[in-house]
Amino acid sequence: MRSEVLQESLSALMDNEADELEVRRVLQAAEQDPALRSTWSRYQVARAVMHKEPWQGAVDLSAGIAAALRDEPELQMAPAPADVKPVSTIWRNLGRVAVAASVTLAVLVGVRMVNQGDAPGGAQMTAGTMTAPSMLQANPAARSGAVLAGYSQAGNAGAEPLAPAQAPSAWHEQRIGRYLREHAESSAQMASPQLIPYARAASMEGR
Amino acid sequence: MVGCRCSLSGLTLAALLISPLVQARDAGQWLQGMVDASGQQSYSGSFFYERSGSFSTHHIWHRADGDGVTERMLRADGEPQEWVRRDGQIQCASSFAAVSGWRGEAPATLNPAQLQRWYALEVLGTTRVADRPVTVIAMKPRDAFRYAYELYLDDQTGMLLKSLLINERNVLLERFQFTDVQFAELTDEQLEPGASCLTLAEHPLEKRVDTSGWVPGWIPPGFVAGEPVVRTLAVNEPQVMSQAFSDGLARFTLFVEPLGDGALAEDLLAQLGPTVAVSRRLQVEGVGYLATIVGEIPPATAERIAASFPFATAEMAQ
């Protein structure tokens, strides 16, 4: 793979404009190329500074993104450039939006929006359908690491799709943010023996 | 500790006698020990908090004496953020969104006897956290309406040193964990906040109103409602009704506000780590409202509460 092409793909990925093919290309190359990984890492830090995002530069995102993409169907490659029809551009663009949206929502904000129709169980869920949760004893480290990176849900997308489909209105998004903080902060003011409500509230500050 | 003038074999004997005693404490007693520890122990230490999308590190200085409990919390990464709490009430904060200082008076007292009605308590075993031996208590919900917890309690003091929140599909949603802790008396200087910690302004009294029209038709069993209040969450914003609910451990808040011009909203479910937010549009006498449930409860529970409002709009009314 030529490095200019890779650099372009990487830029597109950082701008959330990469399509799936580009994402796969970068991931594949990054696996073998430490220099590319470090470039990616620097881009992340640079973007974090520009956007004032609290960012942990040490976190290597590539594994998580690869996990999110792993279960997706293989891309249908056009047989030859000459055969590419105009319609394929549209599909490329759709894929582009979907990949970008899932990456930004899960990583940068931490909020996952779920389409109402896809909510697991929905309101019909009753005590009878529930299996008692057994505790995490087998392999908590592996499991929790994956989950808290924000990607394992995307991995079992069949169970609970990450749905960037319908973005909420700016007003609604603002209200949800306000409610989340209000709830966390009022919880943190109870004389509780736990520090967790405080930690939850503090984790929402500066967003 | 057991006081004895013992020989080497006496020590061994004492150890043998003590360990069954320690194990004999049941999970409820461990939980009560955790509640008591907060009001009795002075300590300082460091902990981290992790959820989807966030990892933060913190210092705490916690003094318990005749005057009550004073705590100073300082976030150790990112922009410096500091809180000082006295008996749970915030004295000063360097960044704090809530203008009202609303506390949502839902019963928050952790009562082991009551909790056991909704959670099955179990001692899972022992391990080590922050270089101290701990005992692990599992709290598994007896129904589908709340999450499971794993609490790691210090063997010597009962203090909570680590906590995991686990959902119904066995996925870890949140981790809280001390990395080190020292039990020692604290000086006034150690509890003195920095200049960036701003005293909270006095707030006008919360308006208590008749909100009987906004009571959801269903809430999960064991959850007790706090006082509903109507207030603005920020300057130049419309008034919002809010009401807190708690089962003694888990907590959720109901927010209802009118949908005015330019206030576009759809039914929505959002998840931030352990906290879910579910919005529903309501229609009362031709006026649109948005009801939102926010809390550390499973999405299905929040959905069911949201679906139980008497005034749900037609498309969601089933």
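Nothing here was measured: the structure is a model prediction, and the numbers come from that model.

Trainee: Even after reading the chapter, I still don't get the overall build of chain B, so can you show me in this structure?
Mentor: Scanning chain B from N- to C-terminus turns up four helices and 18 strands. By residue count, 56% of the 318 residues in chain B fall in the buried class. A total accessible area of about 14000 Å² is found for chain B, and carbon and sulfur atoms account for 52% of it.

Trainee: Honestly, the overall build of chain A in this entry has me stumped. Any pointers?
Mentor: A count of helices and strands for chain A gives nine helices and one strand. Counting from the amino terminus, chain A carries its helices and strands in the arrangement α-α-α-α-α-β-α-α-α-α. In chain A, the proportion of contacts linking residues at least 24 apart, taken out of those at least 6 apart, comes to 63%. As displayed, chain A has an accessible area near 10800 Å², and 57% of this comes from carbon and sulfur atoms.

Trainee: Got a minute to help me understand the pairing of strand β2 (residues 54-65) of chain B in this structure?
Mentor: Consecutive side chains along a regular strand alternate between the two faces of the sheet. Residue and element names in this part refer to chain B. Here strand β1 (residues 43-51) runs beside β2; their pairing, made up of nine bridges, is antiparallel. Looking at the pairing, E50 lines up with F55 of β2. The antiparallel pairing of β1 with β2 creates a hairpin that spans two residues between the two strands, and G53 there sits at a positive phi of about 90°. Inspection of the sheet shows β2 paired to strand β3 (residues 68-75) by eight bridges, in the antiparallel sense. Across the sheet, R63 pairs through a bridge with T70, a residue of β3. Between β2 and the antiparallel strand that follows it, β3, lie two residues.

Trainee: Which parts of the structure should I look at to understand the pairing of strand β6 (residues 119-129) of chain B?
Mentor: Residues and elements named next belong to chain B. Two strands pair when backbone bridges link them, and β6 and strand β7 (residues 132-141) are joined in this way by ten bridges, in the antiparallel orientation. Of the residues in β7, the one forming a bridge with T126 is T135. With antiparallel pairing between neighbouring strands as the criterion, β6 and β7 make up a hairpin whose turn holds two residues, including A130 at a positive phi of roughly 50°.

Trainee: What am I meant to see in the sheet that holds strand β4 (residues 81-86) of chain B here?
Mentor: The strands making up a sheet associate through hydrogen bonds between their backbones, and the pairing can be parallel or antiparallel. Residue and element names in this part refer to chain B. Taken in spatial order, the eleven strands line up as β6-β7-β8-β9-β10-β1-β2-β3-β4-β5-β11 in an open sheet, and their pairing is antiparallel. The open sheet has two edge strands with one neighbour each: β6 and β11 (198-199). Summarising the sheet, β4 and strand β5 (residues 89-93) pair through four bridges and their orientation is antiparallel. Pairing of W83 across the sheet is with A93, part of β5.

Trainee: What's the story with helix α4 (residues 299-307) of chain B in this structure? I'm lost.
Mentor: Because the α-helix completes a turn every 3.6 residues, residues three or four places apart line up on one side. Residues and elements named next belong to chain B. Among the nine residues that make up α4, seven are buried, leaving the element largely enclosed by the rest of the structure. Residues P299, A300, T301, A302, E303, I305 and A306 constitute the buried set of α4. If you follow the buried residues of α4, they end up packed against β15 (251-258), β16 (268-272), β17 (275-284) and β18 (287-295).

Trainee: Explain the side chain of E296 of chain B to me, please; I cannot follow it from the model alone.
Mentor: Secondary-structure assignment places E296 of chain B in the loop between β18 and α4. Looking at E296 of chain B, its side chain comes within polar contact range of the side chain of H183 of chain A, at 3.1 Å. A distance of 2.8 Å separates polar atoms of two side chains, one belonging to E296 of chain B and the other to T275 of chain B. Excluding its chain neighbours within four sequence positions, the residues that come into contact with E296 of chain B are H183 and R200 of chain A together with Y147, A250, R251, P274 and T275 of chain B.

Trainee: What am I meant to see in the pattern of salt bridges here?
Mentor: Pairing of side chains with opposite charge becomes possible as their charged atoms draw close. Per the stated rule, a full pass over the model turns up 17 salt bridges over all chains. Notably, a salt bridge pairs R63 of chain B with D65 of chain B, separated by 3.4 Å at the nearest N-O pair. Overlapping salt bridges bring together R200 of chain A together with E174 and E296 of chain B as one network.

Trainee: When you look at the environment of W214 of chain B in this model, what are you seeing that I'm missing?
Mentor: Looking at the secondary structure, you find W214 of chain B in the loop between β11 and β12 (224-225). Separated by 42 residues in sequence, W214 of chain B and V256 of chain B have C-alpha atoms that sit 7.8 Å apart.

Trainee: Quick question: what am I supposed to make of unusual backbone geometry here?
Mentor: Most peptide bonds are trans, and most residues other than glycine sit at a negative phi. Residue and element names in this part refer to chain B. For A130, which is not a glycine, the phi torsion comes out positive at approximately 50°. Inspection of the secondary structure puts A130 in the loop between β6 and β7. The exposure class assigned to A130 is buried, which follows from its relative accessible area of 14%.

Trainee: Explanation requested: the packing of helix α8 (residues 170-187) of chain A against helix α9 (residues 196-204) of chain A in the structure shown.
Mentor: When two helices pack together, their arrangement is given by the angle between the helix axes and the distance between those axes. All names here are of chain A. Contact geometry of α8 with α9 gives a least axis separation of 8 Å together with a crossing angle of 145°. In terms of crossing hand, the pair formed by α8 and α9 is left-handed. The residues of α9 that touch α8, namely those facing L180, R181, A184, E185 and S187, are P197, R200, A201 and M204. For the contact of α8 with α9, the class distribution of residues is five nonpolar, one polar and three charged.

Trainee: Teacher, can you tell me more about the nonpolar core here?
Mentor: As a rule of thumb, nonpolar side chains are buried together in soluble globular proteins. Counting 85 residues, the largest nonpolar core has Y119, M139, L151, F178 and I293 of chain B as the members making the most contacts within it. When residues of this core are assigned to their parent elements, the largest contribution, six residues, is made by α9 of chain A. Every residue in contact with L151 of chain B, bar those within four places of it in the chain, is listed here: L31, M34, T135, V136, I137, M139, L160, K162 and S163 of chain B. In this structure, L6, A29, A30 and L36 of chain A belong to the second largest nonpolar core, which totals five residues.

Trainee: Got a minute to help me understand the packing of aromatic side chains in this structure?
Mentor: Geometrically, a pair of aromatic rings is defined through the distance of the ring centres and the angle of the planes. All names here are of chain B. Enumeration according to the criterion identifies 13 aromatic pairs over all chains in this entry. A cation sits over an aromatic face here: R25 above W30, 4.3 Å from the ring centre. Here the guanidinium or amino end of R146 rests over the ring plane of Y119, the centre of that ring lying 6.0 Å away.

The rules behind each value
- Residues numbered from 1 in each chain as written.
- Chains lettered and ligands numbered in written order.
- Predicted model: local features only at pLDDT ≥ 70, side-chain atom pairs only at ≥ 80, totals over all residues.
- Heavy atoms only, no water.
- Helix = DSSP H or I, 4+ residues; strand = E, 2+ residues; numbered from the N terminus.
- Buried < 20%, exposed > 50% of the residue type's maximum accessible area, 1.4 Å probe, protein only.
- Areas by Shrake-Rupley, 256 points an atom, 1.4 Å probe, with all protein chains shown as cover.
- Contact = heavy atoms within 4.5 Å.
- Pairing = 2+ DSSP bridges.
- Polar contact = N/O pair within 3.5 Å; in protein donor to acceptor, adjacent residues only side chain to side chain.
- Salt bridge = Lys/Arg side-chain N within 4 Å of Asp/Glu carboxyl O.
- Axes fitted to C-alpha atoms, helices over the stretch in contact; angles between N-to-C directions.
- Left-handed = near helix turned anticlockwise from the far one by under 90°.
- Nonpolar A, V, L, I, M, F, W, Y, C, P; charged D, E, K, R; others polar.
- Core = buried A, V, L, I, M, F, W, Y, C linked by side-chain atoms within 4.5 Å.
- Phe/Tyr/Trp six-rings, centres within 6.5 Å; stacked < 30°, edge-to-face > 60°.
- Lys NZ or Arg CZ within 6 Å of the ring centre and 35° of its normal.

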